[in-house]
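Chains, contacts and geometry: an overview
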Amino acid sequence: MIDLYTFATPNGQKVSIALEELGLQYKTHVVDITKGDQFKPEFLAINPNNKIPAIVDHATQDHRPLTVIESGAILIYLAEKTGQLLPSNARGRSEVLQWVMFQMGGVGPMFGQLNHFARFAPKKVPYGIERYHAESRRLVGVLDGKLGTGDYVAGRYSIADIALYPWVAGTRAYFPELFHGSSNVVQWLHRVGSRPAVERGMKVPQLDK
């Protein structure tokens, strides 16, 4: 059994999608970041960096609970644990990890900053909006070019697609203009989003309305 500490954000959805794809048993613990749950002592004991998601794996080889933080690290851990969604050969593994890092170092931070400055900042800062809009558009173009070579980001469906999907899908909902002319990305969104495990993972956690 794996304990998943999460909330309804792209980073949280990455891990719930992976758990669903891999068929692993897990229990969801809602960490409501809108209410400051991430700063409670019980969660800080799991992740001192007060960020979701985090997992605690109770089914380990040494029979001791293992805590993993940082969504990218969690995806890699789960893929290695199961031997799925990450190639074992050096070339394939490297390509998948490169595109996971593309999400972690580029898509996540830039899309996140665009969302903040354009939608939530108490004061509109045109420079910030323009800067992150332009960089987000560039990243969409990079992804579109890569998807022009195949159905999935790194050849076969992998944790690279899982890492990217929630961020790209969410950003398209609010900034559709970024995706004009990027038909490869749009087709990929449909391809990945129609997977049953992705559909289930995107609904975790179920929040009371």
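For every chain, the first residue of the written sequence is number 1, and numbering continues from 1 onward in sequence order. In keeping with the predicted nature of the model, local features appear solely for residues at pLDDT of at least 70, side-chain atom pairs appear and are counted solely at 80 or more, and the whole-chain, interface and lining totals rest on all residues. Computation of side-chain values covers all heavy atoms of the structure but excludes hydrogens and water.

In this fold, Asp144 is placed in helix α5 (residues 126–147). Working definition: with a 1.4 Å probe on protein chains only, accessible area under 20% of the residue-type maximum means buried, over 50% means exposed, and in between means partly exposed. The charge count treats Lys and Arg as positive and Asp and Glu as negative. His and the chain ends do not count. We define a salt bridge as a side-chain nitrogen of Lys or Arg found within 4 Å of a carboxyl oxygen belonging to Asp or Glu. Look at Asp144: it is buried, it has no salt bridge, and the nearest opposite charge is Arg137 at 7.2 Å. Among the polar contacts made by the side chain of Asp144, one reaches the main-chain amide nitrogen of Val185 at a distance of 3.0 Å. Residues count as neighbours in contact if any of their non-hydrogen atoms are within 4.5 Å of one another. Once residues within four sequence positions are removed from consideration, Asp144 is found in contact with Gly181, Ser182, Ser183, Asn184 and Val185. Numbering of helices and strands runs from the N terminus; a helix is a DSSP stretch of H or I covering at least four residues, while a strand is a stretch of E covering at least two. Any pair of nitrogen or oxygen atoms within 3.5 Å is treated as a polar contact; in protein, a donor-acceptor pairing is required on top of that, and neighbouring residues in sequence qualify only through side-chain atoms on both sides.

Boundaries of every domain are those given by an automatic assignment or by a domain database. Examined at the domain level, the chain breaks down into domain 1 (2–85) and domain 2 (90–196). Distance between the C-alpha centres of domain 1 and domain 2: 22 Å. Contact between domain 1 and domain 2 buries roughly 1200 Å² in total, counting both sides, with carbon and sulfur atoms accounting for 70%. Summed over both partners, the accessible area lost on bringing two parts together, with a 1.4 Å probe, is the buried area. By the criterion of area lost to domain 2, the three top residues of domain 1 are Lys14, Glu21 and Leu85, representing 39% of everything that side buries. Where domain 1 meets domain 2, there are 2 salt bridges. Glu80 is paired through a salt bridge with Arg93; the nearest N and O atoms lie 2.7 Å apart. For the side of domain 1 that touches domain 2, the elements supplying multiple residues, two or more each, are α1 (10–22) and α3 (71–82). The nonpolar class holds Ala, Val, Leu, Ile, Met, Phe, Trp, Tyr, Cys and Pro. Asp, Glu, Lys and Arg form the charged class, and all remaining residues, Gly among them, are polar. Residues belonging to the side of domain 1 that touches domain 2 are distributed by class as follows: 7 nonpolar, 4 polar and 4 charged.

Turning our attention to α1. Expected helix span is given by 1.5 Å per residue-to-residue step, counting one fewer step than there are residues. Between its first and last C-alpha atoms α1 spans 18 Å; for 13 residues at 1.5 Å apiece the expected length is 18 Å, and the two agree. Taking burial as the measure, the 13 residues of α1 include 11 buried ones, the bulk of the element. Listed in full, the buried residues belonging to α1 are Gly12, Gln13, Lys14, Val15, Ser16, Ile17, Ala18, Leu19, Glu20, Glu21 and Leu22. Phi turns positive, to about 70°, at Gly23, one or two residues after α1.

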